[in-house]
Amino acid sequence: MAFLCVKLIFRKNGSFSSQHIHDSEAMRERGIHCVVDQDREMRIANPKAVAERTSH
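My aim in this report is to walk through the structure given alongside it, one point at a time. Everything numeric here is computed off the predicted structure, so don't read it as measured data. The written sequence of each chain sets the order in which its residues are numbered from 1. The model is predicted, so local features are restricted to residues of pLDDT at least 70 and side-chain atom pairs to those at 80 or more, both for listing and for counting; the totals for chains, interfaces and linings are taken over all residues. Side-chain measures were taken over the full set of non-hydrogen atoms in the model, leaving aside hydrogen atoms and water.

### Here's the deal with the pattern of salt bridges
Put simply, a salt bridge is a Lys or Arg side-chain nitrogen that is within 4 Å of an Asp or Glu carboxyl oxygen. Within this structure, the stated rule accounts for 2 salt bridges. Here Arg 40 and Asp 37 are joined by a salt bridge, their closest N and O atoms 2.9 Å apart. With Arg 40 and Asp 37 both in helix 3 (residues 35-45) and 3 residues apart, this pair spans about one turn of that helix. Judged by its relative accessible area of 45%, Arg 40 is partly exposed. One salt bridge connects Arg 43 with Asp 39, and the closest N-O pair in it is separated by 2.8 Å. Here Asp 39 and Arg 43 lie together in helix 3, a separation of 4 residues that amounts to about one turn. Relative accessibility decides the category of a residue: with a 1.4 Å probe and only protein chains considered, values under 20% of the type maximum give buried, values over 50% give exposed, and everything between is partly exposed. When its relative accessible area of 31% is taken as the criterion, Asp 39 is described as partly exposed. Under the DSSP-based scheme used, a helix requires at least four consecutive residues in state H or I and a strand at least two consecutive residues in state E, with every element numbered from the N terminus.

Written out as structure tokens, the structure reads:
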């Protein structure tokens, strides 16, 4: 755990970079996005393709 905090402690304004797919430039260049974004795009393109469950 201490090794993970080294960057935070010893660098001014140290922080962890985002690990989300949508924040990665390399993934955006390849056209890869997060599953939540892909699901949203699919639902907009074809709203009847997937019916949401409202009750169990």
